[in-house]
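Report on the structure
Here is what each chain is made of, one letter per residue.
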Amino acid sequence: MYTHSLKKFDPEIYTSIKKEQQREEEGLEMIPSENFVSPAVLEALGSVLTNKYSEGYPGKRYYGGCEFIDEVEQLAIDRAKQIFKAEHVNVQPLSGAPANLIAYSALLKPGETILGMDLSHGGHLTHGHPVTFSAGIYHFVGYKTNAEGKIDLDNLRAMALEHKPKLILVGYSAYSREIEYEKIKKIADEVGAFTMADIAHIAGLIAGGEMNNPVPIFDVVTTTTHKTLRGPRGGMIMCKEKFAKAVDKAVFPGMQGGPHENNIAGKAVAFKEALEPEFREYAKQIKKNAKILETEFKKFGYKICFGGTDNHLLLIDVTPKGLSGKEAQIALDKAGITVNKNMIPDDPRSPMDPSGIRLGTPALTTRGMKETEMKQIAAWIEEAILNFKDDAKLAEIKNRVRGLTKKFPLYPTLK
Ligand SMILES: *Cc1c(COP(=O)(O)O)cnc(C)c1O
């Protein structure tokens, strides 16, 4: 048996990990899909559970020796049920994209129609972008947001009546407003469609009681566990009892093999954290922080897509400031602030160099940053964007960023 430590045996990988840790410590992480897990979650991820094959489900495995694995997976399932008031939960999906593909395969036959949100209006690649595998299997049509930036329910209903989809899909990656699940469920019932919500981005806000919960209303709900929910990288499917068998079969053996039980243990730990009263405070603060950014950016004269934010993220058109989303992303990187370039609704520019940037507050809020820091950061972002060609200025902002991050240590116990 090997007894070496990572540091001794593989200094190259060890050093890269430590450099990444330092990058995370010293930068301002504002990509809205990112977050920082707790040391307890990291411990579960790095555990011996990674060694075990456990195809099947608790109590019904193909291999022997699964008694402790069963305890882990059952805890993850029970906690997720409690958080989201779900009738049935499958915690095995490896990530958000496969969870969506699996959910489609559980509900639909090839060639059937899915009505999802147009990508440039905030949808996700897996909701029908032509480059994806699922777009070759199912027929996707896209609804849009209206001039006020809300989901256009009249347009959605008209499209549902016209295309007779088998599935209506909500839940987004760049959309910043609340979703009216009951109204969408009513439209789906009218045309005989299943309902699916992909809450990958907002699961933590729902868990914290800060956003509407689709789980009691919709047929199937997919999510990632690593965004606002603040668990390890992974996926999860929740559904009504009547879809339980179809979903479980679609996960295994339909799409996946052995579940990653170390990762499922990490999910269970994160769910326990999400059930603590502190998590409700966390979710509340995420939204407060996003509102501060909205107010500040509006003051600076930016156009906020969808008219503002009800969640953790903002999609901002930066072109009125004389630069593209890509140029803004590069400038902010140089200033130690990580955001991502993003299409705005009906973007006249290309996906590789779009008009907008998308930024959010989950990761900064995990570090303990609040209103005062948000105001400061908004001012630095504005300064970096106004000086996007001035490398000396951007380096100076980066210094200030480092000063701020030192006051909010991320992993003080992980040296
Ligand atoms: C992030 C995201 C996904 C994909 O999750 P991965 O874990 O990256 O596969 C799916 N749907 C939505 C809405 C997302 O935001």
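Residues numbered from 1 in each chain as written. Predicted model: local features only at pLDDT ≥ 70, side-chain atom pairs only at ≥ 80, totals over all residues. Heavy atoms only, no water.

**Focus on the domain arrangement of the chain**
Considered domain by domain, the chain is made up of domain 1 (42-274) and domain 2 (285-405). Put simply, the middle of domain 1 and the middle of domain 2, counted by C-alpha atoms, are 29 Å apart. Listed by partner, the interface residues are 19 residues for domain 1 and 22 residues for domain 2. In total, domain 1 and domain 2 occlude about 1700 Å² of area from one another, counting both sides; carbon and sulfur atoms represent 52% of this. For the pair domain 1 and domain 2, the number of links is three salt bridges. A salt bridge links Arg177 to Asp310; the nearest nitrogen and oxygen atoms lie 2.9 Å apart. The residue makeup of the side of domain 1 that touches domain 2, split by class, is five nonpolar, eight polar and six charged. (Domains from an automatic or database assignment. Contact = heavy atoms within 4.5 Å. Buried area = accessible area lost by both parts, 1.4 Å probe. Salt bridge = Lys/Arg side-chain N within 4 Å of Asp/Glu carboxyl O. Nonpolar A, V, L, I, M, F, W, Y, C, P; charged D, E, K, R; others polar.)

**Describing the nonpolar core**
Here is a general trend for soluble globular proteins: nonpolar side chains tend to be buried in one another's company. Formed by 62 residues in total, the largest nonpolar core has its most connected members in Phe84 and Ile199. Of the residues forming this core, the biggest block, seven residues, is contributed by helix H4 (residues 67-84). Each of domain 1 (42-274) and domain 2 (285-405) contributes no fewer than three residues to this core. With sequence-adjacent residues up to four places away left out, Phe84 is seen in contact with Ile199, Ala203, Ile206, Ala207, Asn213, Val215, Pro216, Leu229, Met236 and Met238. Core analysis: the next-biggest nonpolar cluster, separate from the first, contains 34 residues, Ile316, Val318, Ile337 and Phe408 among them. (Core = buried A, V, L, I, M, F, W, Y, C linked by side-chain atoms within 4.5 Å. Buried < 20%, exposed > 50% of the residue type's maximum accessible area, 1.4 Å probe, protein only. Helix = DSSP H or I, 4+ residues; strand = E, 2+ residues; numbered from the N terminus.)

**Things to note about the site of the ligand**
Close contacts around the ligand come from 13 residues, with Ser95, Ala97, Ser173, Asp198 and Lys227 the closest. Measuring from an oxygen atom of the ligand, one finds a side-chain N or O atom of Ser95 at 2.5 Å. In this structure, Ser173 approaches the ligand through a side-chain N or O atom, which is 2.8 Å from an oxygen atom. Coverage of the ligand by the protein amounts to 86% of the 380 Å² it exposes when considered alone. Across the shell around the ligand, the residue classes tally to three nonpolar, eight polar and two charged. (Near = heavy atom within 4 Å. Polar contact = N/O pair within 3.5 Å; in protein donor to acceptor, adjacent residues only side chain to side chain. Areas by Shrake-Rupley, 256 points an atom, 1.4 Å probe, with all protein chains shown as cover.)

**A look at the packing of helix H15 (residues 371-386) against helix H16 (residues 391-406)**
Relative orientation of the contacting elements H15 and H16 amounts to 165°, with a least axis distance of 10 Å. Classified by the angle between their axes, H15 and H16 sit roughly antiparallel to one another. Between H15 and H16 lies a crossing whose hand is left-handed. Listed contacts from H16 to Glu373, Ile377, Trp380, Glu383 and Ala384 of H15 are Lys393, Leu394, Ile397, Arg400, Val401 and Leu404. Class assignment of the residues belonging to the contact of H15 with H16 gives a composition of seven nonpolar, no polar and four charged. (Axes fitted to C-alpha atoms, helices over the stretch in contact; angles between N-to-C directions. Parallel < 35°, antiparallel > 145°, perpendicular 65-115°, else oblique. Left-handed = near helix turned anticlockwise from the far one by under 90°.)

**Thoughts on the pairing of strand S12 (residues 313-317)**
With five of five residues buried, S12 lies mostly within the body of the structure. Residue alternation in S12 divides its side chains into two sets, Leu313, Leu315 and Asp317 and Leu314 and Ile316, and both sets are buried. Across two bridges, strand S11 (residues 303-304) lies against S12 in antiparallel orientation. Across the sheet, the residue bridging to Lys303 is Asp317, located in S12. Sheet topology note: the S12/strand S15 (residues 356-360) ladder contains five bridges and is antiparallel. Bridge pairing links Leu315 to Arg358 in S15. (Pairing = 2+ DSSP bridges.)

**A look at the packing of aromatic side chains**
According to the stated counting rule, one finds eleven aromatic pairs in the structure shown. Measuring from ring centre to ring centre gives 5.5 Å for Phe194 and Phe243, while their planes differ by 90°; the resulting arrangement is edge-to-face. Of the two residues, Phe194 sits in strand S8 (residues 194-198) while Phe243 sits in the loop between strand S10 (235-239) and helix H10 (244-255), which places them 49 residues apart along the sequence. The exposure class assigned to Phe243 is buried, which follows from its relative accessible area of 9%. Three or more aromatic residues link up through ring pairs in this structure, and these residues are Tyr104, Tyr138 and Phe140. If you follow Lys321 out to its NZ or CZ, it ends over the ring of Tyr302, 4.5 Å from the centre. (Phe/Tyr/Trp six-rings, centres within 6.5 Å; stacked < 30°, edge-to-face > 60°. Lys NZ or Arg CZ within 6 Å of the ring centre and 35° of its normal.)

**A closer look at the sheet that holds strand S6 (residues 139-143)**
The strand order across the open sheet built from seven strands is S4-S10-S9-S8-S7-S5-S6, with neighbouring strands paired in mixed fashion. In this open sheet, the two edge strands, each paired with only one partner strand, are strand S4 (88-90) and S6. With direction set aside, neighbouring strand axes in the sheet form an average angle of 20°. The sheet contacts of helix H5 (residues 96-107) involve strand S5 (113-117), S6, strand S7 (167-170), S8, strand S9 (220-224) and S10, and relative to S9 the element is tilted by about 165°.

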